[in-house]
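Tertiary structure, described
So the chains spell out like this:
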Amino acid sequence: MKRWSLGVVSAFRGKAGAAFQTAFYLLLTAGLVFALMTLAACDCNENGVEDCDSAGEAAHAAEMASRMAREYPQPTPEVRPRIQKTGLVQTGALTATRVLHGLMVFDPLPSYTTPLTYTWYPPAGASNFEFFGKQPEPGGPPFVFRNVPANNAAVPVMFDLPETGAYDGERLPELLTAQQGAGPQATAYMLNTVGQTQSLPEVFTSVAEALAAFRAAVLLPRAETAGRAQATVDMWAIDQYFTREGITVTTATCQQTVDLLQSDAAFVAVQVPEPPHEDYDSALLPIYGDSVLALDDLDGGLDLEAAATFRPEQFTFLANTLPQEEGKIWIALGVQQTSALTCPTAAPSGAWEIHTGLTLDLSYATEQCAGCVLDVQVCYEGQELPGNAAQRFVMGQAFDSALEQLAETAPNASVQTYRDWGVTCAGPLPLQLVDTVTSNQWVLEGDSAQAITPTWTITLPHRLMGGDFSPPALIDLDFAAPIGANWHWSNGAATITPPVSYAGGWPPTNIYLVGTIPAGTAAGLYTVNITATQQTTPTDFRIGSDIIWVGEWSPPPEGGEPPQYAMYLPLIVRMQGAR
Amino acid sequence: MASALYALAALVGGAAYLYRVRRSELLPLLARNLLWLILGGFLGANLGGAAMLVSRLTGAALPFALKDTSILGALLGGTATALWLCRRYAVSFWSAADQGIPALPLALSIGRLGCFARGCCYGAPTASWLGLYLPDRAGNWLPRYPTQLLSAAANLLIFLALLAVERYGRPREGELTRLFFALFLLKRFGIEFLRGDALPAVLGPLNTTHLTCLAGLALVGAVSLTQRNP
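For clarity, every value in this text was computed on a predicted model and none was experimentally measured.

Counting its secondary structure elements, chain B contains nine helices and four strands. Starting at the N terminus, the α and β elements of chain B follow one another as α-α-α-α-α-α-β-β-α-α-β-β-α. Buried positions account for 48% of the 230 residues belonging to chain B. Nonlocal contacts in chain B, meaning residues at least 24 apart in sequence, comprise 63% of its contacts between residues at least 6 apart. When the accessible surface of chain B is totalled, it reaches about 11,300 Å², and 70% of it is carbon and sulfur.

Following this line, the structure appears as structure tokens:
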């Protein structure tokens, strides 16, 4: 045996050998611990969360992939409801302005034979309805027509428009939905403007004269254009994930959340490009179906889903009060109320998310409106807030004080209160349409909602992701925050000064907006908008937004009265806001 | 840094354990068995994560919330491994455990410094005088309960208490081990109220960790009664 190997063997014998072996195993144990913990602590995707922390990874992924939009081909609706206004009838007997509208399904598919259900939501304040031909079911407005054949002639309806609009506004939308069974709805939108009826093409002096003109103007074109083929267009599929940790969802608080979402009290306003139409004709709203809201937790014990739908009763409010832009209309969305959602009696969760999915047909807009920034507002209706005293208190704080504060400090943020009308809206929450799935575009990710107490420092995490820049692009960062002080940018380790150099690819570039909430900041809801702009191409920008709830927060006691709505409202914003 | 502190904890804890044995002929064997104990503890610590993974893959919801990794799971895994080792070498579990157990809180005390460096096991935000400006795992810096440091201090106190009881209390076989488990579970029960990553409550203010601690305390009590009245 070689001398060196004899030395090794002898080293493992005797007291010295035992000591050597002990030390060896001891060091091996320490090395094993080091290896295991390093492995467990590995952050190979450089997102600040250890890869073995599966719940943390899931939460981070959901938070950062908070908005995912893509364009994909979808068939347009089989039916296209339509409203036409044909003329003004001045009989001399009426003090109000009497108008004649035609309600119909326009241009159905040749194979389309299933009877429809129409629901007509007339302009707010309209009266003295007179239907010719097909009569609606008793009751209304809204007026419901069931089992209407696909080839049914248009339903003429004559009614009085109010001399002044509701809420002293002049813009009075009306809607007509058409639905096959329980299938997706298609909705026509017509905007009536009080005081502009003289711009209508004709003025009739009798009902008979108006009806004759209506039949010539409305029915004939419908017959001529029948027989279209169903089109397939690129639509936007926008998914929004909002993750919240540290606020427990129990069965009771889950039920309170979905009850609020399904009530009339909460809705979201989204401003979309106005679909093309003639002055005398309605526009087809660009949301037909496939819009969902889901609430689930990261442990898989909670899985609720409901369809989103229009809130026709809120359109008048939106058309008169929110900032109006030429070529854009406001639509109101809420959660479908036809069947009540019931939360399961699953284990409570401290890590959960709301997922919303919206299909939006903007095929009529230039380049499908790619890159557009849609304005979104979250609103609730009612002077008397829903829920119990604790919930009303928190909701009241959230909207009253926060919005007043926002209106004072950020007059350009289009944030207003409408308490006189019994409706309050908060925003804006910009929603930018960037296809992040089918194309390698750079994006600004990481919209979040956070709760904080004054004097504390808040960190709003975002990251630049996707794209490919060679040489690296310089990205300017900007923000608009109605509250807070000492705002500065950080890369997670040190303060940085924009622009940041960004090459795209992987890993993402993490950026953090850090600020301090000053003492005395009013409790409530605030929004912070962040803009990242490519320095050499100012038109190439991305927008993100965060919601901050300022105030004391503690998880509600089990079985108590949870003041949860304060956090749910941002969630409503998120889900529909993303649309 | 954190991994180095965890390794230091294992080194110091292991050395303290071997120092207490003082039978040099057994030291290599005991040192080698430390590897099994560490592996058992590591597997036990990740039981929650494994259960969550299975739940996700199968779509079967867990009846209660769990943590990915937990020290309670590590204790369970380590204890199971120790029982297996004692059975294999035909030695009394209680006797062996009494010899080694005081080294455990010492190691855990250092290990919590690793948690502090790593940012895990962080505390809930607080405005009390205890608050230190610390991050959570997402990097949100707030005044928080320094739960890692509180836990490290508590573990150190348990270590000292065990040494004192051993020296002056004349404990019977197994009592030192049961005392450690009782003190540790009480500490963990209390600290959970201050944790920022605490699981959601399932019974009043108590969550799964609290209930596990209470179950563990009940088990320790039951075993103590059994051992006292064999």
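Attention now moves to the nonpolar core. Generally speaking, nonpolar side chains in soluble globular proteins are found buried as a group. All names here are of chain A. Counting residues in hydrophobic clusters, the biggest one holds 33 residues, and the most contacted among them are V270, L285, F315, L318, I331 and L360. Listed by contribution, the elements that provide at least two residues to this core are β11 (232–249), β12 (266–273), α6 (315–321), β16 (328–335), β17 (349–360) and β19 (376–381). Of all hydrophobic cores here, the second largest spans 27 residues; its members include I452, W456, I458 and F469.

Turning our attention to the packing of aromatic side chains. Under the defined criterion, the tally for this structure stands at 21 aromatic pairs over all chains. Both rings, one in F267 of chain A and one in F317 of chain A, keep their centres 6.4 Å apart while their planes meet at 90°; by these two values the pair is edge-to-face. On the criterion of sequence distance, the pair formed by F267 of chain A in strand β12 and F317 of chain A in helix α6 is long-range, its members being 50 residues apart. F317 of chain A matches F267 of chain A in its accessibility class, with the two residues each being buried. Consider the rings of F93 of chain B and W94 of chain B, whose centres lie 5.1 Å apart with planes at 70°: the pair is edge-to-face. Of the two residues, F93 of chain B and W94 of chain B, both sit in the buried class. Among the aromatic residues, those joined into a cluster by ring pairs are Y118, W120, F129, F131, F143, F145 and F159 of chain A.

With that settled, the discussion passes to helix α5 (residues 93–100) of chain B. Residues F93, W94, A97, D98 and G100 of chain B constitute the buried set of α5 of chain B. For α5 of chain B, the elements touching its buried residues are α1 (2–21), α4 (71–89), α6 (103–118), α8 (175–192) and α9 (208–228) of chain B.

Bringing the packing of α5 of chain B against α8 of chain B into the picture now. Residues and elements named next belong to chain B. Closest axis-to-axis distance for the α5/α8 pair is 7 Å, and the angle between their directions is 60°. Taken together, the axes of α5 and α8 lie oblique to each other. Our pair here, α5 against α8, has a crossing hand that is left-handed. Where α5 approaches α8, its residues W94, A97 and D98 are matched on the opposing element by E175, L176, T177 and R178. The residue makeup of the contact of α5 with α8, split by class, is three nonpolar, one polar and three charged.

A word on the sheet that holds strand β30 (residues 509–516) of chain A. Whether parallel or antiparallel, the strands of a sheet pair through hydrogen bonds between backbone atoms. All names here are of chain A. Spatially, the five strands line up as an open sheet ordered β23-β25-β30-β27-β28, and their pairing is antiparallel. Among the strands making up the open sheet, the edge pair consists of β23 (443–445) and β28 (495–496). Bridge count between strand β25 (residues 457–465) and β30: eight bridges; the pairing is antiparallel. Its bridge partner being in β30, L464 is matched across the sheet by T509.

What follows covers the environment of L172 of chain A. Inspection of the secondary structure puts L172 of chain A in strand β8 (residues 171–179). Along the backbone, L172 of chain A and A124 of chain A are 48 residues apart, and their C-alpha atoms lie at a distance of 6.3 Å.

Residues and elements named next belong to chain B. Inspection of the secondary structure puts R178 in helix α8. Among the polar contacts made by the side chain of R178, one reaches the side chain of S224 at a distance of 3.1 Å. Aside from chain neighbours lying at most four places away, what touches R178 is W94, E173, V220, V223, S224 and Q227.

Residues and elements named next belong to chain A. One pass over the structure, following the stated rule, counts seven salt bridges over all chains. Residue R82 pairs with D281 through a salt bridge whose shortest N-O separation is 2.3 Å. Residue R82 is found in strand β2 (residues 80–89), and its partner D281 is found in the loop between β12 and β13 (283–284); the two are separated by 199 residues along the sequence. Like R82, the residue D281 is buried in the burial classification. Between K328 and E325 there is a salt bridge; the shortest N-O distance is 3.4 Å. Note on K328: relative accessible area 24%, which makes it partly exposed. On the accessibility criterion, E325 (42% relative accessible area) is partly exposed.

Residues and elements named next belong to chain A. For the peptide bond that leads from S470 to P471, omega is 0°, which places it in the cis range. For P471, the location among the structural elements is in strand β26 (residues 468–480). Residues P498 and P499 are joined by a peptide bond in cis, for which omega reads 10°. Position of P499 among the secondary structure elements: in the loop between β28 and β29 (500–504). Unusually for a residue other than glycine, N147 sits at a positive phi of about 50°. Tracing the sequence through the fold places N147 in strand β6 (residues 143–148). The exposure class of N147 is exposed, given its relative accessible area of 58%. The backbone of C369 sits at a positive phi, close to 65°, despite the residue not being glycine. Along the chain, C369 falls in the loop between β17 and β18 (373–374). Taking relative accessible area as the criterion, C369 reaches 4% and is therefore assigned buried.

This brings us to the sheet that holds strand β9 (residues 185–193) of chain A. Residues and elements named next belong to chain A. The five strands are arranged β6-β4-β8-β9-β13 in an open sheet whose pairing can be described as antiparallel. Looking at strand neighbours, the two that pair on one side only are β6 and β13, the edges of this open sheet. Bridging between β8 and β9 involves nine bridges; their strand directions are antiparallel. Within β9, the residue paired with P173 across the bridge is L191.

Residues and elements named next belong to chain B. The share of residues in chain B with pLDDT of 70 or more is 92%, and the mean pLDDT across the chain is 84. The lowest-confidence element of chain B is strand β2 (residues 141–144), averaging 74 in pLDDT; the highest-confidence one is α8, averaging 92. Across the interfaces of the predicted complex, the ipTM metric reaches 0.72, alongside a pTM of 0.57.

Taken together, L113, F116, L132 and L149 of chain B make up a surface patch of nonpolar side chains, about 290 Å² in accessible area. When you line up the elements, L113 of chain B lands in helix α6.

Each value, and the rule that gives it
- Residues numbered from 1 in each chain as written.
- Chains lettered and ligands numbered in written order.
- Predicted model: local features only at pLDDT ≥ 70, side-chain atom pairs only at ≥ 80, totals over all residues.
- Heavy atoms only, no water.
- Helix = DSSP H or I, 4+ residues; strand = E, 2+ residues; numbered from the N terminus.
- Buried < 20%, exposed > 50% of the residue type's maximum accessible area, 1.4 Å probe, protein only.
- Contact = heavy atoms within 4.5 Å.
- Areas by Shrake-Rupley, 256 points an atom, 1.4 Å probe, with all protein chains shown as cover.
- Core = buried A, V, L, I, M, F, W, Y, C linked by side-chain atoms within 4.5 Å.
- Phe/Tyr/Trp six-rings, centres within 6.5 Å; stacked < 30°, edge-to-face > 60°.
- Axes fitted to C-alpha atoms, helices over the stretch in contact; angles between N-to-C directions.
- Parallel < 35°, antiparallel > 145°, perpendicular 65-115°, else oblique.
- Left-handed = near helix turned anticlockwise from the far one by under 90°.
- Nonpolar A, V, L, I, M, F, W, Y, C, P; charged D, E, K, R; others polar.
- Pairing = 2+ DSSP bridges.
- Polar contact = N/O pair within 3.5 Å; in protein donor to acceptor, adjacent residues only side chain to side chain.
- Salt bridge = Lys/Arg side-chain N within 4 Å of Asp/Glu carboxyl O.
- pLDDT = per-residue confidence, 0-100.
- Patch = residues over 30% accessible without salt bridge, like charges linked within 9 Å, V, L, I, M, F, W, Y side chains within 5 Å.

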